[in-house]
Structures are given as structure tokens and as C-alpha cells.
Amino acid sequence: MPVNGPSNDKNSGKVSRNRASVTEQEALDFHSEGRPGKLEITPTKPMATQRDLSLAYSPGVAVPVLAIAANPATAYDYTTRGNMVAVISNGTAILGLGNLGALASKPVMEGKSVLFKRFADVDSIDLEVDTENVDEFINCVRFLGPSFGGINLEDIKAPECFIIESRLRELMDIPVFHDDQHGTAIIAAAGLINALELTGRDLKTTKLVCNGAGAAAIACVELIKAMGFNPANITLCDTKGVIYQGRTEGMNQWKSAHAVKTDSRSLEEAMKGADVVFGLSQKGAFTEEMIRSLAPKPIIFAMANPDPEITPEEVARIRDDAIMATGRSDYPNQVNNVLGFPYIFRGALDVRARQINDAMKIAAAQALADLAREDVPDDVAAAYQGNRPRFGAQYIIPVPFDPRLISAIPVAVAKAAMESGVAQKDIPDLGAYAAELSARRDPIAATTQGIYDRVKRFPKRVVFAEAEEEQVMRAAVTFTHHKLGTAILLGRDDVIRATAEKAGIDLDRPGIEIVNARISDRVDTYIDYLYERLQRQGFLLRDVQRLIHNDRNHFAATMVATGDADAMVTGTTRNYATALSDVRRCIDVKPGHKVIGVSIVVARGRTIFVADTAVHDMPNAEQIADIAVEAARVARRMGYEPRVALLAYSTFGQPIGERSERVREAVKILDGRRVDFEYDGEMAADVALNAHRMEQYPFCRLSGTANVLVMPAIHSASIATRMLQELGASTVIGPLLVGLDKSVQITQMGAKDSDIVNMAAIAAYNSGS
Ligand SMILES: NC(=O)C1=CN([C@@H]2O[C@H](COP(=O)(O)OP(=O)(O)OC[C@H]3O[C@@H](n4cnc5c(N)ncnc54)[C@H](OP(=O)(O)O)[C@@H]3O)[C@@H](O)[C@H]2O)C=CC1
Ligand SMILES: CC(=O)C(=O)O
Ligand SMILES: [Mg+2]
């Protein structure tokens with residue numbers, strides 16, 4: 001039986017699949033393969049030597065113990081507490097599957113812990129508490145406070161969850177947050193804000209029916225009332241029907257608080273003419289008849305998991321005017337608390353908030369709603385199987401893989417915590433905090449942030465040579481959005497504008513200039529310049545005219561060469577070697593330099609420069625020495641003190657082989673040049689990168705593990721960097737082109753917009769201050 005189903009394309013009325021269904025067997029295999037479950041714990045400190053043990057354990061550990069005893073706040077400095085959240089359940093309301101007990105809830109709780117880590121770099125552990133007794137549960141959790149920076153309660157049924165959460169909030173001095181209540185409410189509110197906007201409704205007059213009156217439903221209703229929804233316009237239903245004033249059966253104080261005066265008694269009656277319907281109940285609770293009876297342009301959030309109250313394809317069969325959302329990943333508009341809890345805790349932990357209050361929840365909801373209205377980057381398009389979502393009925397809420405969530409939501413939450421007085425730590429610079437957050441999720445961001453910051457101070461004119469390409473335009477827009485300078489779009493004006501319009505890209509913004517090579521009044525200057533350079537290399541005047549008129553790489557490179565632009569980025573439509581040879585015709589090598597390619601590999605918090613990844617096929621010893629010098633310069637320019645390892649398959653002569661000879665010779669050449677950086681070799685990659693392996697060669701001249709790796713040939717460089725990139729263990733930027741007299745960067749063919757922006761920023765950075 002498939003666990004996932006197809007999705008609904010409302011506009012076409014057709015039903016299409018977002019992604020392949022998974023079978024029950026696949027789901028079981030996923031969980032059992034390799035190490036069973038989805039989580040493991042990894043130490044953050046070395047534990048390899050006796051000294052490590054003395055520091056981490058007895059006697060060293062006594063020192064932080066005494067420090068914490070003297071000042072409890074230092075637990076945030078010496079332990080995991082400040083970044084550690086417990087996901088705690090008793091399994092009484094596992095998704096919409098009901099009360100299946102604590103043990104059965106473990107896969108969901110492990111999953112929530114993994115999502116904390118994956119999306120917001122919050123460390124988390126799942127704890128399943130095997131009791132339905134409220135007091136026992138509270139007593140079990142309340143004493144765990146010292147271990148954690150926050151408590152995420154999950155899948156505990158109503159009404160017990162309300163008592164548990166409110167008592168724990170009183171008893172504990174860290175945020176206690178029942179995700180099914182508040183996480184769900186925040187995401188549903190964000191989706192609702194946008195759906196109301198799209199259907200032209202006013203919050204104060206919209207009529208909403210919520211099926212389900214448990215944890216998620218009560219919290220959703222409370223939050224939207226706090227946001228200004230008229231209480232009289234909200235009708236709650238449960239298994240007994242409408243919750244009306246005076247009802248006695250199946251009631252509790254939380255339901256009573258939302259009881260309304262109404263003659264409707266059944267869900268069916270309540271839904272007639274309603275504008276919005278929330279399902280937080282059970283699979284199949286909405287019938288086609290009920291959906292038919294809703295107002296025009298209804299908003300239907302069928303949020304029960306794993307199966308919604310009604311499927312999008314069932315709705316599509318009977319109406320084509322609905323905005324439809326579910327809690328599932330395989331349909332558009334996933335209204336699911338995964339969009340909230342990782343980021344809300346991130347923000348709360350970072351300001352050491354005592355609690356997560358209404359101001360923080362509303363701020364998170366508004367930030368989510370706002371994000372859905374922005375143009376989306378390639379990463380999001382990729383998560384949508386290449387269909388770039390655009391704000392509208394099929395995209396009212398960001399997708400979980402949106403990399404912008406990590407900076408947008410925690411900042412909003414932290415700011416609201418500070419403003420509402422629950423923060424115990426101040427974040428004075430929220431802009432810097434947002435940059436730090438991006439780096440937590442994306443290691444490349446940490447490396448590029450310094451570059452961005454510098455370019456912002458000295459903005460540049462960067463020519464985007466392939467500006468008729470959609471991803472290049474997006475990159476140019478992002479470049480100007482980040483205030484990195486002026487983006488000169490090179491191409492035919494009409495083509496650029498038509499493509500931009502079709503893709504929904506707004507080019508009418510400060511910092512964007514379009515230059516059409518055919519009608520530019522600089523053409524004659526560029527032809528003169530290039531003819532002067534090429535006339536003795538077999539080029540006739542008309543050849544050069546053709547190059548300038550028809551070839552954007554030549555035009556762009558000449559713009560940079562003649563000072564009309566500071567830097568250039570190209571490469572998305574042509575292979576690297578072709579683009580490089582185009583550029584080399586127009587721009588010289590910088591005196592005293594060599595042109596090489598340097599890739600930056602970021603893995604597990606380490607940044608490593610690898611060269612030459614682009615130019616020299618099989619360098620001789622002299623060229624290897626040149627590459628080492630150039631790569632060391634790049635590392636230093638990027639703020640790293642170079643420790644250069646000249647790599648081979650052998651280490652200091654063992655095993656002996658002629659292939660290492662060139663590398664050994666290159667080391668001697670560097671000895672003769674008296675260079676101003678550390679280098680050594682020949683050595684194998686593990687010796688270069690692993691301190692313990694290096695210790696076996698006490699004569700090695702490097703003062704620590706290498707951060708610049710000079711490869712013996714381009715094939716080893718290319719194979720190594722591409723393998724690292726594909727295996728997912730690291731992120732690779734580049735190759736960056738260095739050694740030219742003017743600043744040019746060449747991306748990989750088909751590069752994503754985010755890669756092009758990084759390359760444009762690096763090109764701007766390298767063009768000097
Ligand atoms: N998309 C998302 O992010 C989230 C979705 N959910 C989903 O919401 C649902 C409820 O979860 P939660 O609030 O935690 O659970 P609770 O057990 O706290 O509440 C369940 C509520 O649903 C009501 N209910 C159950 N079946 C029906 C039905 N057929 N018709 C009307 N009401 C019904 C119950 O009524 P009664 O009070 O009469 O027993 C109860 O009020 C689940 O399906 C869950 O997956 C929850 C959290 C997040
Ligand atoms: C998503 C979630 O938390 C639930 O369905 O319970
Ligand atoms: Mg849940």
C-alpha cells in the first residue's frame with residue numbers, strides 16, 4: 001500500500017504527483033537499515049589520548065562542575081544545555097493515529113529530533129515517558145530541567161496536554177512548548193494570513209470552522225483570535241459535533257472557552273457557507289458534500305497526519321476555486337509544524353528566553369507569511385522538483401527545505417523575545433545574528449560572509465555575461481538585493497525582459513543595468529582594444545568585430561579590461577575551458593602570477609583550499625611550485641594563514657615511485673624561492689589533514705594540519721573535489737579563477753543562482769577595494 005499519495009494541481013484541475021509514493025516496506029527499510037532508528041550521538045571533543053580523557057573526564061571535568069555550582073549560568077558555557085532540547089511524548093495522540101503508547105511514538109519523536117538538527121542545528125534527544133497519568137508525567141519531566149535548554153512536548157492528547165504544559169511552564173525556568181498546539185497554530189496562522197490575502201478576505205469578517213477540538217485545534221483558534229479574528233465567527237467541532245454554548249456532552253473547560261451561540265449542531269451544518277475550514281481531527285472527516293457547501297474561493301486546511309480530512313484530489317474533483325493545504329510533504333502547501341519548532345527554539349535558545357510567549361509566536365507566523373511572498377531561490381525550486389513556486393494558491397507557505405527559514409524565523413522570534421522582556425541574553429546586532437544563522441545551516445555561508453561584508457563596504461560593478469539565462473538574472477537580482485554593487489546584465493534587452501517577466505523576476509530595481517552588446521556606444525572602443533591585442537595572433541579586424549558583436553564573454557571581458565566594469569562572471573552556458581580561453585584573449589595574466597583554479601572545500605567546520613582544479617593538466621615541478629605560491633596567496637587573501645601540503649600518493653619518500661618525483665622537486669624549488677608561507681611535502685592526503693597521522697613525521701615543517709592542498713595533477717584535483725561534493729560530506733566553492741590581471745570568475749555549467757551570486761561576490765571581492 002502506498003503511504004504517500006498524489007497531489008492536486010488546482011489550476012489545471014488535473015491531479016499530478018509531487019514525488020514518488022513510498023511503500024510501507026520502504027518506510028520500514030528506511031528505519032531499519034544500517035544503525036536502526038534515525039539518530040546517533042557524536043562527541044564534539046577529541047577523546048583519543050590520555051590527556052583528552054584527563055580533560056574531559058576525571059580530573060579535568062571537576063573544574064567546570066565547581067564553576068557551574070558557583071554560578072549556574074555558566075552551564076551554558078561548559079555544557080550542551082544551551083543548544084539541547086528534549087522532545088518528550090507519552091504517545092497518547094501520535095499524529096492522527098491516536099493513542100498508541102509511548103514506545104510506538106518513538107519513530108515520530110526521533111524524527112522531530114532529527115528535524116531540529118537538520119533545519120536549525122539544535123541538538124535534541126527524544127524521551128518517551130510511559131504514563132498517561134498527568135502528575136506522573138509532570139514529575140518525570142520537571143526534574144529534567146538542568147539537562148536541557150528547552151522542552152518540546154509532542155503528541156500528547158487533549159485535554160491532558162493543556163494541564164501538563166501549563167504546570168511545566170510554571171515549574172521550569174526554560175521554554176516548555178507543546179508543538180502540536182503552538183507549532184501548528186503558528187504555521188496555520190501564517191498560511192491563513194496569506195490565503196486570506198489571496199482571496200481578498202478580511203480577518204475580522206471571515207467565518208471559520210475548525211474540526212477537532214484537541215491540542216492543535218484549540219491552540220490554532222486561540223492564536224488566530226489573538227491576531228484579531230472575530231471569536232463569534234469561529235465554530236469548533238469534535239466527535240460530538242458543534243461546540244455550542246450550553247452543550248454538556250464531551251466538554252471540558254478548553255472547549256467551553258470557545259463555545260459559540262449557534263443553531264448548527266453538526267459539522268455538515270456548520271460548514272455551510274463557511275470561508276475557511278481547518279481539519280485537525282482525523283482522516284476522511286470531510287465529505288465531498290461538506291466541501292461543496294463552502295463559500296466561493298474556500299480555504300481548506302486539512303491538516304490531519306498522515307492522512308488528511310480530505311485529499312486535494314477529492315477537492316479538485318468537485319471545486320476549482322479552493323486554496324487547499326495539508327500537513328503532508330507530498331502535496332503543495334504543507335501546513336506542518338516542521339516549519340516552526342526548529343526555528344522557534346533556535347531563536348528562543350539564542351536569547352535564553354524564559355518562555356515562548358504570544359509575541360514570539362505571532363512574530364514567527366508573520367515572518368513565515370512574509371517569506372512566502374518573496375521570490376524563491378533555486379534551492380527551493382529544486383525541493384519542488386524544479387517547479388519554481390510563486391506566491392499564489394499553490395504556494396501560500398514556504399517549503400521546509402527553504403534555506404531562508406533559518407535566518408528569517410529565529411531572528412523574528414529572538415527580536416520579539418527581547419522586546420517582550422523574556423530574553424535573558426541580548427542580541428544587539430540582529431543583522432549579524434541572521435548571517436550567523438545562515439552559516440549554521442550552510443557552512444559555505446560562513447566562508448562567503450566575510451567576502452560579502454567587504455564587498456558591501458566597497459560595492460562593485462559586476463558584469464553578468466550570460467544575462468539572458470533565468471538563473472543568471474536571479475543571481476543578479478540577489479546580488480543587488482544584498483547591496484553588493486551594480487549588476488550589469490549583458491544581453492538583448494527584449495529577450496532579457498521577456499524571460500524576466502515570464503519567470504516573475506523584477507528587474508526594475510536599483511543596481512540593475514542592462515547592456516545590449518549590439519547597440520552599445522562602447523562597441524568601437526572595445527573593438528579597438530581587442531584588435532590591438534589580437535592583430536598579431538591571426539585575427540583580422542572583422543574577426544574581432546564578430547567577437548565583440550556576437551560573443552558575450554569577449555564583450556564582457558573587454559568591458560572589465562577597459563575599466564567599464566570591475567569584474568565579470570560567466571560560465572553557466574559554456575564549458576570552463578572555452579570560457580577561460582575567451583577571457584584570456586581579452587585579459588592578461590597579472591605580472592608575477594600564474595593563472596590557476598582554486599576550489600574551496602568546506603567540511604565539518606574546516607575550510608580547505610585545493611589547487612589547481614582548473615588550468616594545468618599535468619604540471620611540472622616548476623608549475624607545481626607556482627601553484628603552491630598562488631594558492632597560498634588566495635588562502636591569505638581570504639583570511640587564512642596558509643599551511644600548504646604538496647600532495648602525492650607517497651609520504652616523504654615512501655613508497656618510492658617516479659610519480660612523486662615532480663612533487664618532491666617542487667618542494668625543493670620552493671625551498672630555493674624562500675617563500676613566506678609554511679609548506680611541505682610530498683605527503684598523502686591523510687597525513688596532510690590528520691594531526692595524528694602527521695605526528696608520525698615529527699620533522700614535518702607544517703605547524704598544524706594543512707589548509708591548502710596542492711594536487712599533483714588536474715585529474716586528481718578534479719576527482720577529489722567532485723567526489724567530496726557528490727558524497728555530501730562537504731560543500732565545494734569554485735574553482736575560483738586566480739592570477740588574471742582583472743577579476744573574472746567562471747562558474748560550472750548550469751550553476752544555480754546561489755552559486756552564481758557567490759562567484760559574482762568573489763569576483764567583486766578580488767577586484768580590490
Ligand atoms: N499539520 C500539522 O502540523 C499538525 C497536525 N495535527 C493533526 O491534528 C490532529 C489532532 O491532533 P491533536 O490535536 O494533537 O490530537 P488530540 O487528541 O489532542 O485532539 C484530537 C481532536 O480531534 C477530534 N476528533 C477526532 N476525530 C474526529 C472526527 N472524526 N470528527 C471530529 N473531531 C474529531 C477529537 O474530538 P473529541 O474531543 O471529541 O475526542 C479531539 O478534539 C491529528 O490528525 C494530527 O496529526 C496535529 C499537530 C500538527
Ligand atoms: C505534525 C505533527 O506534529 C502531528 O501531526 O502531530
Ligand atoms: Mg505532533
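Please read all numbers here as calculations on a predicted model, not as lab measurements.

**Q** So what's going on with the overall build of the protein chain? Residues and values would help.
**A** Looking only at helices and strands, the protein chain has 31 helices and 23 strands in total. Relative to the globule expectation of 27 Å for 769 residues, the C-alpha radius of gyration of the protein chain, 30 Å, shows essentially globular dimensions. With the C-alpha coordinates aligned to their principal axes, the bounding extent of the protein chain is approximately 95 × 75 × 50 Å. Counting the 769 residues in the protein chain, one finds 52% classified as buried. Across the protein chain, every contact between residues at least 6 apart in sequence was considered, and the portion connecting residues at least 24 apart equals 69%. Accessible area of the protein chain: about 34000 Å², with a carbon and sulfur share of 51%.

**Q** Tell me about helix H7 (residues 160-171), residues and numbers included.
**A** Between its terminal C-alpha atoms H7 stretches 16 Å, which fits the 16 Å expected from 12 residues at 1.5 Å a residue. Every buried residue belonging to H7 is among Cys161, Phe162, Ile164, Glu165 and Leu168, and all of these are buried. In a view along the axis of H7, the buried residues occupy a sector of 165°, so they form one face of it. Of the surrounding secondary structure, the elements contacted by the buried residues of H7 are helix H6 (134-142), strand S5 (150-153), strand S6 (176-178), helix H8 (179-198), helix H9 (215-226) and helix H10 (253-256).

**Q** Residue-level account of the environment of valine 260, with values.
**A** You can see valine 260 is positioned in the loop between H10 and helix H11 (267-271). For the pair formed by valine 260 and threonine 607, sequence separation is 347 residues and the distance between their alpha carbons is 61 Å.

**Q** Lay out the UniProt feature "binding site: NADP(+)" (unreviewed entry) in the protein chain with the relevant residues and their values.
**A** Listed under "binding site: NADP(+)" (unreviewed entry) in the UniProt record, and renumbered for this structure, are Ile94, Leu95, Gly96, Leu97, Gly98, Asn99, Leu100 and Gly101. Inspection of the secondary structure puts glycine 96 in the loop between strand S3 (84-89) and helix H5 (106-120). Mapping glycine 98 onto the fold places it in the loop between S3 and H5. Exposure remark for glycine 98: the relative accessible area of 25% places this residue in the partly exposed category.

**Q** Can you tell me about the pattern of salt bridges, naming the residues and giving the values?
**A** Tallying each qualifying case throughout the model produces 49 salt bridges. The partner of arginine 328 in a salt bridge is aspartate 307, and the shortest N-O contact between them spans 3.2 Å. Of this pair, arginine 328 sits in the loop between strand S12 (323-326) and helix H14 (341-350) while aspartate 307 sits in the loop between strand S11 (299-302) and helix H13 (312-318); the two residues are 21 residues apart in sequence, bridging distant segments of the chain. Where arginine 664 meets glutamate 682, a salt bridge forms, and the shortest distance between an N and an O atom there is 3.1 Å. With a gap of 18 residues between them, arginine 664 in helix H27 (residues 661-673) and glutamate 682 in strand S20 (residues 678-683) connect regions that are remote in the sequence. Residue glutamate 682 is classed as buried on the basis of its relative accessible area of 2%. Here the salt bridges do not stand alone but share partners, grouping Lys106, Glu110, Asp126 and Glu128 into one network.

**Q** Residue-level account of the nonpolar core, with values.
**A** By size, the foremost hydrophobic cluster in this structure holds 100 residues, and its most contacted members are Ile151, Leu192, Phe278 and Phe301. Among the elements that line this core, the one with the most residues is H8, at 10 residues. No fewer than three residues from each of domain 1 (54-174) and domain 2 (182-436) sit in this core. The next biggest cluster of nonpolar side chains, apart from the first, holds 65 residues, and it includes Ala467, Ile496, Leu646 and Ile733.

**Q** Tell me about the sheet that holds strand S16 (residues 567-570), and please be specific about residues and values.
**A** Strand order across the open sheet formed by five strands is S15-S14-S13-S16-S23, with parallel pairing between neighbours. Each of the sheet's edge strands pairs with one partner strand only, and the pair in question is strand S15 (512-515) and strand S23 (743-746). Taken pair by pair, the neighbouring strands of this sheet meet at an average axis angle of 20°, ignoring direction. In the packing of helix H24 (residues 552-561) onto the sheet, contacts are made with strand S13 (460-464), strand S14 (485-490), S15, S16 and S23, and the angle to S16 comes to roughly 160°. Helix H31 (residues 753-766) rests against S13, S16 and S23 of the sheet, and its axis sits at about 160° to S23.

**Q** Residue-level account of the site of ligand 1, with values.
**A** In the vicinity of ligand 1, 26 residues are found, and the nearest of them are Thr184, Ala213, Ala216, Thr239 and Lys255. Methionine 303 has a polar backbone atom sitting 3.2 Å from a nitrogen atom of ligand 1. Taken by itself ligand 1 offers 920 Å² of open surface, and the protein chains cover 84% of this. Those elements that provide at least two residues to the shell around ligand 1 are H8 and H9. Each of domain 1 (54-174) and domain 2 (182-436) accounts for three or more of the residues forming the shell around ligand 1.

**Q** Explain the domain arrangement of the protein chain to me, using residue names and the numbers behind them.
**A** Taken domain by domain, the protein chain consists of domain 1 (54-174), domain 2 (182-436), domain 3 (444-586) and domain 4 (596-739). Between domain 1 and domain 4, the C-alpha centre-to-centre distance is 45 Å.

**Q** Hey, could you go over the site of ligand 2 for me, with residue numbers and the actual values?
**A** The full set of residues close to ligand 2 is Leu95, Lys112, Glu154, Asp155, Asp180, Asn305, Asn336 and Asn337. The side chain of glutamate 154 places a nitrogen or oxygen atom 3.0 Å from an oxygen atom of ligand 2. Compared with its free state, where it exposes 220 Å², ligand 2 has 87% of that area covered by protein. Class assignment for the residues of the shell around ligand 2 results in one nonpolar, three polar and four charged.

**Q** Any chance you could break down a nonpolar patch on the surface for me, citing the residues and the numbers?
**A** A grouping of Met47, Leu53, Tyr57, Val61, Val65 and Leu66 is seen on the molecular surface, where their side chains present a nonpolar patch of about 610 Å² in accessible area. Relative to the helices and strands, valine 65 is located in helix H3 (residues 62-70).

**Q** Explain the coordination of the magnesium ion (ligand 3) to me, and be specific about the residues and the numbers.
**A** Taken together, Glu154 (OE), Asp155 (OD) and Asp180 (OD) make up the protein donors of the magnesium ion (ligand 3), found 1.9 to 2.1 Å from the metal. Written as a sequence motif, the donor residues of the magnesium ion (ligand 3) are E-D-x24-D. Here aspartate 180 lies in helix H8 and aspartate 155 lies in the loop between S5 and H7, a separation of 25 residues in the sequence.

**Q** Before we move on, can you summarise helix H17 (residues 405-419) with the specific residues and values?
**A** Over its 15 residues, H17 extends 21 Å from the first C-alpha to the last, a length consistent with the 21 Å expected when each residue adds 1.5 Å. In terms of residue burial, H17 counts as a mostly covered element, since 11 of its 15 residues are buried. Every buried residue of H17 is accounted for by Leu405, Ile406, Ser407, Ile409, Pro410, Val411, Ala412, Val413, Ala414, Ala416 and Ala417. Phi turns positive, to about 80°, at glycine 421, one or two residues after H17.

**Q** So, the pairing of strand S17 (residues 596-603): which residues are in play, and what are the values?
**A** Counting buried positions over the eight residues of S17 gives seven, a clear majority of the element. Taken together, the six bridges between S17 and strand S22 (residues 731-738) define a ladder with antiparallel strand orientation. Within S22, the residue paired with valine 598 across the bridge is leucine 736. Here S17 pairs with strand S18 (residues 606-611) via six bridges, running antiparallel. By the bridge assignment, serine 599 is partnered in S18 with valine 610.

**Q** Tell me about the sheet that holds strand S4 (residues 123-128), and please be specific about residues and values.
**A** The pairing of strands in a sheet comes from backbone hydrogen bonds and takes either a parallel or an antiparallel form. The parallel open sheet is built from four strands, whose spatial order is S4-S3-S5-S6. Edge positions in the open sheet fall to S4 and S6, since each of these has one partner strand only. On average, each strand axis in the sheet is inclined to that of its neighbour by 20°, with strand direction left out of account. Pairing of S3 with S5 involves four bridges; the strand directions are parallel. Its bridge partner lying in S5, alanine 86 is registered against isoleucine 151. In the packing of H5 onto the sheet, the strands contacted are S3, S4 and S5, and the crossing angle to S4 comes to about 170°. Where H8 meets the sheet, it contacts S5 and S6, and its direction lies at approximately 75° from that of S6.

**Q** Describe in detail the side chain of threonine 480, supporting the description with residues and values.
**A** Within the fold, threonine 480 resides in helix H20 (residues 470-481). By relative accessible area, which is 9% here, threonine 480 ends up buried. Once residues lying within four places of it in the same chain are set aside, the contact partners of threonine 480 are Gly485, Ala487, Arg509, Pro510, Gly511 and Ile512.

Each value, and the rule that gives it
- Residues numbered from 1 in each chain as written.
- Chains lettered and ligands numbered in written order.
- Predicted model: local features only at pLDDT ≥ 70, side-chain atom pairs only at ≥ 80, totals over all residues.
- Heavy atoms only, no water.
- Helix = DSSP H or I, 4+ residues; strand = E, 2+ residues; numbered from the N terminus.
- Rg over C-alpha atoms; globule rule 2.2 N^0.38 Å.
- Buried < 20%, exposed > 50% of the residue type's maximum accessible area, 1.4 Å probe, protein only.
- Contact = heavy atoms within 4.5 Å.
- Areas by Shrake-Rupley, 256 points an atom, 1.4 Å probe, with all protein chains shown as cover.
- Expected span 1.5 Å × (residues − 1).
- Arc of directions from axis to C-beta.
- UniProt positions renumbered as here; feature names shortened; annotations may be inferred.
- Salt bridge = Lys/Arg side-chain N within 4 Å of Asp/Glu carboxyl O.
- Core = buried A, V, L, I, M, F, W, Y, C linked by side-chain atoms within 4.5 Å.
- Domains from an automatic or database assignment.
- Pairing = 2+ DSSP bridges.
- Axes fitted to C-alpha atoms, helices over the stretch in contact; angles between N-to-C directions.
- Near = heavy atom within 4 Å.
- Polar contact = N/O pair within 3.5 Å; in protein donor to acceptor, adjacent residues only side chain to side chain.
- Nonpolar A, V, L, I, M, F, W, Y, C, P; charged D, E, K, R; others polar.
- Patch = residues over 30% accessible without salt bridge, like charges linked within 9 Å, V, L, I, M, F, W, Y side chains within 5 Å.
- Donors = N, O, S within 2.8 Å, 3.2 Å for Na, K, Ca; no water.

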